[in-house]
Amino acid sequence: MNILRILLVLLSLSFAGSINAQGILMRLGNNHMKNLNYKAAIEAYKKVLDKEDNGQAKINLAEAYRRLSDTQNAEQWYAQVVQMSSIEAAQYLYYAQMLQQNGKCEQAKKWFKRYAEASPDDTRGQYLARSCDYVDELMTKNAKHYEVQRLWFNSPNDDFSPFYYRDGLIFASERKVEKYVKRSSSSSDKPFLKLFFVQMLSSNIESPNSPSCDFIYGKPKVFSDELGSRYHEASAVFTADEREVFFTRSTTGEDLGANNSNASVYRLQLYHSEWMGESWSKPQSLSFNSRTYSCAHPALSED
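Residues numbered from 1 in each chain as written. Predicted model: local features only at pLDDT ≥ 70, side-chain atom pairs only at ≥ 80, totals over all residues. Heavy atoms only, no water.

Asker: So what exactly am I meant to see when it comes to the packing of aromatic side chains here?
Answerer: Each aromatic ring pair is described using two quantities: the centre-to-centre distance and the angle formed by the ring planes. For the structure on display, the rule yields 17 aromatic pairs. Ring geometry for tyrosine 92 versus tryptophan 111: centroids 5.8 Å apart, planes at 25°, classification stacked. A residue pair is termed long-range when its members are at least 10 positions apart, and tyrosine 92 in helix α5 (residues 90-101) and tryptophan 111 in helix α6 (residues 105-118) qualify at 19 residues. No difference in accessibility class separates tyrosine 92 from tryptophan 111, as the two residues are buried. An aromatic cluster of at least three residues, connected via ring pairs, comprises Phe163, Tyr165, Phe197, Phe223, Phe238, Trp275 and Trp280. Lying over the aromatic face of tyrosine 271, arginine 249 brings its terminal NZ or CZ to 4.6 Å of the ring centre. (Phe/Tyr/Trp six-rings, centres within 6.5 Å; stacked < 30°, edge-to-face > 60°. Helix = DSSP H or I, 4+ residues; strand = E, 2+ residues; numbered from the N terminus. Buried < 20%, exposed > 50% of the residue type's maximum accessible area, 1.4 Å probe, protein only. Lys NZ or Arg CZ within 6 Å of the ring centre and 35° of its normal.)

Asker: For this particular structure, what's the right way to read the side chain of aspartate 122?
Answerer: Tracing the backbone shows aspartate 122 in the loop between α6 and α7 (124-131). Only 2.7 Å separates the side chain of aspartate 122 from the side chain of arginine 124, close enough to count as a polar contact. (Polar contact = N/O pair within 3.5 Å; in protein donor to acceptor, adjacent residues only side chain to side chain.)

Asker: Explanation requested: the pattern of salt bridges in the structure shown.
Answerer: For the structure on display, the rule yields 10 salt bridges. When the shortest N-O distance is used, the salt bridge between arginine 124 and aspartate 122 registers 2.7 Å. Look at arginine 124 and you get partly exposed, because its relative accessible area is 43%. Taking relative accessible area as the criterion, aspartate 122 reaches 16% and is therefore assigned buried. Close ionic contact of glutamate 233 with lysine 194 constitutes a salt bridge, the shortest N to O distance being 3.1 Å. Taken as a pair, glutamate 233 in strand β6 (residues 233-238) and lysine 194 in strand β3 (residues 194-202) lie far apart in primary sequence, 39 residues in all. Of the two residues examined, glutamate 233 and lysine 194, each falls in the buried class. Residues participating in the shared-partner salt-bridge network are Glu63, Arg66 and Arg67. (Salt bridge = Lys/Arg side-chain N within 4 Å of Asp/Glu carboxyl O.)

Asker: What exactly am I supposed to notice about the packing of α5 against α7 here?
Answerer: When two helices pack together, their arrangement is given by the angle between their axes and by how far apart the axes lie. Relative to each other, α5 and α7 sit at 20°, their axes nearing to 12 Å. Taken together, α5 and α7 sit at an angle that is classed as roughly parallel. Crossing handedness for the pair α5 and α7: left-handed. Of the residues in α7, those in contact with Leu93, Gln97 and Gln100 of α5 are Arg124, Leu128 and Ser131. Of the residues belonging to the contact of α5 with α7, the class tally is two nonpolar, three polar and one charged. (Axes fitted to C-alpha atoms, helices over the stretch in contact; angles between N-to-C directions. Parallel < 35°, antiparallel > 145°, perpendicular 65-115°, else oblique. Left-handed = near helix turned anticlockwise from the far one by under 90°. Contact = heavy atoms within 4.5 Å. Nonpolar A, V, L, I, M, F, W, Y, C, P; charged D, E, K, R; others polar.)

Asker: In this structure, what is going on with the nonpolar core? I would like to understand it.
Answerer: With 35 residues, the main nonpolar core has Tyr45, Leu61, Tyr78, Trp111 and Phe112 as its most contacted residues. Elements with a contribution of two residues or more to this core: α1 (2-34), α2 (38-51), α3 (55-67), α4 (71-81), α5 and α6. Ile170, Leu195, Phe197 and Trp280 belong to the second-largest nonpolar core, a separate cluster that totals 13 residues. (Core = buried A, V, L, I, M, F, W, Y, C linked by side-chain atoms within 4.5 Å.)

Asker: When you look at α4 in this model, what are you seeing that I'm missing?
Answerer: Since the α-helix turns once every 3.6 residues, residues separated by three or four places project in the same direction. Three or more residues of α4 are buried, namely Thr71, Ala74, Glu75, Trp77, Tyr78 and Val81. Turning to α4, the residues buried within the fold contact α2, α3 and α5.

Asker: Which parts of the structure should I look at to understand unusual backbone geometry?
Answerer: Of all residues except glycine, most have a negative phi; of all peptide bonds, most are trans. One non-glycine residue with positive phi stands out, namely leucine 36, at about 65°. Here leucine 36 shows up in the loop between α1 and α2. For histidine 297, which is not glycine, the phi dihedral falls at a positive 55°. Along the chain, the position of histidine 297 falls in the segment after β9 (284-285). Taking the relative accessible area as the measure of exposure, histidine 297 reaches 53% and is therefore exposed.

Asker: It is not clear to me how the pairing of strand β1 (residues 159-165) should be interpreted in this structure. Could you clarify?
Answerer: The two faces of the sheet receive side chains in turn, since in a regular strand these alternate between them. Of the strand pairs in this sheet, β1 and strand β2 (residues 168-173) are connected by five bridges, and their pairing is antiparallel. Directly across from tyrosine 164, in β2, lies its bridge partner leucine 169. Hairpin remark: β1 followed by β2, antiparallel, with two residues in the connecting loop; positive phi at arginine 166, about 50°. (Pairing = 2+ DSSP bridges.)

Asker: Is there a simple way to think about the pairing of β3 in this case?
Answerer: In terms of burial, β3 is largely enclosed, as seven of its nine residues are buried. In this structure, β2 lies alongside β3, joined through six bridges in antiparallel fashion. Counterpart to glycine 168 in the pairing with β3 is glutamine 199. Looking at chain direction, β3 and strand β5 (residues 221-222) are connected through two bridges and run antiparallel. The partner of phenylalanine 197 across the bridge, within β5, is lysine 221.

Asker: Hey, could you run me through the state of the cysteines in this one?
Answerer: In protein chemistry, a disulfide is the covalent bond that joins the sulfur atoms of two cysteines. If you walk through the whole model with that rule in mind, you get zero disulfides. Cysteine cysteine 105 is unpaired, with the sulfur of cysteine 132 as its nearest cysteine sulfur at 4.6 Å. (Disulfide = S-S within 2.5 Å.)

Structural measurements only, silent on function.
Shown next as structure tokens:
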């Protein structure tokens, strides 16, 4: 009898230790999510799910993959999440979006409608479900009128938001920059976005706007060290005389002041700089930026 009691006590202690370990892993994953370190959060939640069927871990895992734009893995986990009871209606929307991005429009339509039923005040479900009906038309409508080519200087990471500048293009990129100190975003483990410039040379200089004009591009380089910071810069636009630039920069709680001292709080803000003849002036935050919400992706009107 004493041996049986000892075995029961040992089993109880082992079970309690296992439960405690899962709790520690969940808290670790949640902290990583809070700090936008989604890759580390994924590893923590996977370890939890290796030991038990944990609904919240599945929800958080799907969310982490969605934040990393890993639509394939996000779809896989949202497929399990939407089968759970007592989930938020937003999970239907996220699952439908992952399906749509993965080219599964008919399946996505079903879940967009499910979201519309669960959240009748939000019109996104209705409109997105309707968009699935004419996706083929959108993909083929003007196919004969345009030729889309991938530019050679794209990197394996994100490259976006091109803008004509002087004799080339300004664009945002996550590509690596050869420097002594290498820094990366904890959310994606990729380099921080920076503004790059690539010179654009035409083989038909006399008529650069000719439809038959082919362009040769140089090697991209960092546009300006003066506009750089510790984190992201992207989406630059210039005035007509090309002497002023507006762009998006990410800031943390430390940058925003004492009321936002938590470094994991990120805000996007718009900055402005002027060309001083040999370099750009120190970028200034625009007056309508806020500590409580983001402002991003500027555009200029003619005036």
